[in-house]
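Architecture at a glance
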Amino acid sequence: RLLRRPLRSLHEGLLGGTQARDDVELAPVDEGVRVDEGAACSGGASVQVVRKRWCEHLAAAGLLLGVSVPTLVIAAVVCGEWQNFPAQRGWLILGFGFYIAAALRALWSLFVQVCERMLYLRVELRRFVCPTLFEAVTDALAKESERLGLTCSWDQEATQEHDKLTGDIAVKLRFWSSQARSMRVCVTLGGEHGGVRGKLDLQVQFSPGEDVVCGRDSRVERREVLVLSTRTSSEHALKDKALLTKWFEQCYKTYTQPEEGIVKVHALQESSTDWMPEWKFERVKPCKSASGTGQSFFLERDALGKVLADARLWSKSALRVYMITGPPGVGKSEFTIWLAGKLRLPVYRLCLSSPKLTDDRLAQLLSQTAVTHDSVLVQVDEFQGTMTRWLAGSTSSGCPGGITPGGFCECLQGSTAMGRGVVVLTGTTETSAEQARQMFPAVFRRIHCVAELSWMTVDDIRCYFHQFLMRFVSGCSTEEWDTWEAAFLQKTGPWASRPISVDMLKQFFMRQITESSCLGLGDFTSPAGASSDNMPTEFKVHDERRPDFFRLICDHGQAELFLNEYAPVHLQVVPAVRAC
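Residues numbered from 1 in each chain as written. Predicted model: local features only at pLDDT ≥ 70, side-chain atom pairs only at ≥ 80, totals over all residues. Heavy atoms only, no water.

Brief notes about a nonpolar patch on the surface
Nonpolar side chains collect at one region of the surface, where Leu65, Val69, Val73 and Val77 lie side by side and expose about 350 Å² of accessible area between them. Judged by its relative accessible area of 47%, Val77 falls in the partly exposed class. (Patch = residues over 30% accessible without salt bridge, like charges linked within 9 Å, V, L, I, M, F, W, Y side chains within 5 Å. Areas by Shrake-Rupley, 256 points an atom, 1.4 Å probe, with all protein chains shown as cover. Salt bridge = Lys/Arg side-chain N within 4 Å of Asp/Glu carboxyl O. Buried < 20%, exposed > 50% of the residue type's maximum accessible area, 1.4 Å probe, protein only.)

What about the environment of Ala451?
One can find Ala451 in strand β16 (residues 449-452). Here Ala451 falls in the buried class, since its relative accessible area comes to 4%. Separated by 128 residues in the primary sequence, Ala451 and Met323 have C-alpha atoms spaced 6.3 Å apart. With sequence-adjacent residues up to four places away left out, Ala451 is seen in contact with Ala303, Leu304, Val307, Met323, Ile324 and Thr325. (Helix = DSSP H or I, 4+ residues; strand = E, 2+ residues; numbered from the N terminus. Contact = heavy atoms within 4.5 Å.)

Structural notes on the nonpolar core
Ranked by size, the top nonpolar core spans 34 residues in total, and within it Phe465, Leu469, Phe488 and Phe509 carry the most contacts. Those elements giving two or more residues to this core turn out to be α13 (458-469), α14 (478-488), α15 (502-518), β18 (538-541), α16 (546-553) and α17 (556-565). Not counting chain neighbours up to four residues away, the residues in contact with Phe509 comprise Tyr464, Phe465, Phe468, Leu469, Phe488 and Ile553. In this structure, Trp279, Leu365, Val380 and Phe408 belong to the second largest nonpolar core, which totals 32 residues. (Core = buried A, V, L, I, M, F, W, Y, C linked by side-chain atoms within 4.5 Å.)

Focus: the side chain of Ser153
You can see Ser153 is positioned in the loop between α4 (131-145) and β3 (157-162). Among residues more than four places away in sequence, those in contact with Ser153 are Glu146, Phe175 and Arg181.

Here we look at the confidence of the model for the chain
Averaged over every residue, the pLDDT of the chain is 79; the share at 70 or more is 78%. Low confidence marks residues 394-400, where pLDDT is under 50. Its contacts with residues over four positions away, or in another chain, come to eight contacts. Residue range residues 571-580 is modelled with pLDDT below 50. Its contacts to residues more than four positions away, or to other chains, number 18 contacts. (pLDDT = per-residue confidence, 0-100.)

Remarks on α4
Between the first and last C-alpha of α4 there are 21 Å, a value that for 15 residues agrees with the 21 Å anticipated at 1.5 Å per step. By the burial criterion, the buried members of α4 are Leu133, Phe134, Ala136, Val137, Thr138, Leu141, Ala142 and Ser145. (Expected span 1.5 Å × (residues − 1).)

Quick look at the packing of aromatic side chains
Working definition: an aromatic ring pair is given by the centre-to-centre distance plus the angle between the planes. What the rule picks out here adds up to 29 aromatic pairs. Ring plane angle 35° and centroid distance 5.6 Å describe the contact between Trp247 and Phe248, whose orientation is recorded as tilted. With respect to class, Trp247 is no different from Phe248; both count as buried. On the basis of an interplanar angle of 50° and a centroid distance of 6.3 Å, the ring pair of Phe508 and Phe509 is categorised as tilted. As far as the burial class goes, Phe508 and Phe509 line up, both buried. When the ring centre of Phe175 is taken as reference, the NZ or CZ atom of Arg181 above it lies at 4.9 Å. (Phe/Tyr/Trp six-rings, centres within 6.5 Å; stacked < 30°, edge-to-face > 60°. Lys NZ or Arg CZ within 6 Å of the ring centre and 35° of its normal.)

Re the pattern of salt bridges
Applying the stated criterion to the full structure yields 27 salt bridges. Between Arg222 and Glu157 there is a salt bridge, and its shortest N-O distance comes to 3.1 Å. Of this pair, Arg222 sits in strand β8 (residues 219-222) while Glu157 sits in strand β3, and the two are 65 residues apart along the sequence. Note that Arg320 and Asp310 form a salt bridge whose closest N and O atoms lie 2.9 Å from each other. Here Asp310 lies in helix α6 (residues 305-314) and Arg320 lies in strand β12 (residues 319-325), a separation of 10 residues in the sequence. Under the relative-accessibility criterion, Arg320 is labelled buried at 15%. Through salt bridges with shared partners, one network takes in Arg127, Glu135, Glu157, Arg174, Asp211, Glu221, Arg222 and Glu224.

Comments concerning the packing of α4 against helix α5 (residues 237-256)
Contact geometry for α4 and α5: axes closest at 8 Å, N-to-C directions at 90°. When the axis of α4 is compared with that of α5, the two are roughly perpendicular. Between α4, through Thr132, Leu133, Glu135, Ala136, Val137, Asp139, Ala140 and Leu141, and α5, the contact on the second element is made entirely by Trp247, Phe248, Cys251, Tyr252, Tyr255 and Thr256. Per-class residue counts for the contact of α4 with α5 are 10 nonpolar, two polar and two charged. (Axes fitted to C-alpha atoms, helices over the stretch in contact; angles between N-to-C directions. Parallel < 35°, antiparallel > 145°, perpendicular 65-115°, else oblique. Nonpolar A, V, L, I, M, F, W, Y, C, P; charged D, E, K, R; others polar.)

Printed below as a string of structure tokens:
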């Protein structure tokens with residue numbers, strides 16, 4: 001009874017009217033768990049935040065009165081002294097001018113801050129806290145501003161970056177520089193059926209911050225901050241915050257959306273030997289297709305159709321694991337890049353043979369905080385080396401260092417597994433041997449589809465012959481192509497009498513095309529519409545020298561010499577060991 005009254009007053013103080021906080025800092029959060037706004041807490045209790053706006057209004061009025069009255073009094077005193085005592089004007093300025101100005105400036109800045117808290121919604125976006133979102137918002141502002149000379153940035157910083165489409169190092173002008181800058185933008189968000197969902201007038205202030213030396217590699221980073229503010233009220237604060245959040249999400253999706261025709265490849269990099277490795281962007285790979293020519297051609301195999309169909313159906317809602325096996329050079333890694341291009345996913349390349357990579361580190365590297373994309377394709381190359389190490393017993397669950405079968409299974413299907421995406425395990429044929437299946441049934445239970453790429457068939461060689469060489473010759477009729485394909489694939493020739501991989505055939509074609517260039521059978525021409533001298537050139541065979549070119553390609557003697565010099569393929573034998 002004695003505590004009932006104070007507890008009731010405390011309860012009433014906590015459960016009052018709701019107001020939105022209008023000064024927030026934007027930081028990445030885990031959105032895996034969402035709480036409904038109208039949902040009540042356990043036990044039927046609910047929590048409401050009380051925002052006493054009258055206190056802020058009273059503080060603003062007091063500050064305004066406290067600033068205005070001294071300002072008027074000081075101004076009146078200074079004016080009176082200035083008129084009554086002309087001889088003391090110099091001393092008056094020297095003695096009180098600086099202190100009076102500094103005091104008034106501090107009071108006015110405090111008054112402005114209070115007014116901004118009352119009238120403006122202010123959001124901070126720090127590059128150190130969320131670098132991807134910072135670059136996404138910057139990219140959205142830069143694309144719109146750089147359309148006109150009136151709105152473009154006149155204060156920029158020159159950098160060297162990899163071009164997203166070509167992968168070449170290019171000089172670019174960064175939208176921000178080392179100087180503080182502000183700009184005004186109007187953000188309009190579209191609604192359903194082509195309507196307008198809302199509009200925000202934003203004041204964007206960029207602060208470069210100080211240079212900070214980070215990591216043991218001593219890289220210099222800048223503590224850049226974007227402050228976005230908009231005029232709001234207690235009635236519109238929640239709506240404005242929702243609109244601003246929606247615009248941020250759209251900027252992020254647009255910025256992280258993969259470019260058409262390319263695949264970004266990420267790999268692990270270490271700034272120090274005793275530090276945790278991090279995913280870093282490595283390079284850009286062009287997407288190949290069945291309709292391409294030359295290096296842009298991809299030979300679609302029937303064995304891979306099921307993998308593509310399964311990935312298109314389920315990879316957006318669940319994690320799918322595929323194993324691609326086959327001899328070296330048949331196109332396993334090339335298929336991974338092609339599949340990532342079809343699914344429009346970035347590739348995260350992972351090697352499990354490193355002794356520094358443990359189960360805990362692997363789980364941390366595949367967590368949501370380490371992977372910067374919503375959905376990725378993880379490529380585990382040379383998986384037969386990991387299987388051989390497991391079979392030989394070089395690493396077990398009780399030994400430190402290295403990935404264990406149990407830890408790998410936990411990352412594929414467990415509490416730490418990715419929620420969606422694709423994992424592709426590539427290796428030679430012994431990776432999926434019966435002995436490996438019997439030794440590690442838990443690993444193979446988590447593999448949803450196994451596809452084997454074998455040597456090229458006669459039809460595959462004929463298709464590759466036509467599509468690859470089409471880039472270098474023009475004007476060939478269908479009958480001419482059939483004639484040279486038949487000459488190339490003679491039964492007594494080397495291409496129809498031994499196992500042939502995609503890499504063998506491509507390397508031979510490249511070698512013979514180089515030879516034809518040395519013999520003067522063609523010339524280098526710039527692509528259509530290219531005017532710059534730095535544009536890449538293409539080799540084209542002269543029409544009158546086309547028969548000589550094909551005779552060079554179909555030379556069986558040169559083919560025999562090349563295949564004998566080609567590195568022989570030695571398939572690794574899986575050691576027969578006893579299960580522990």
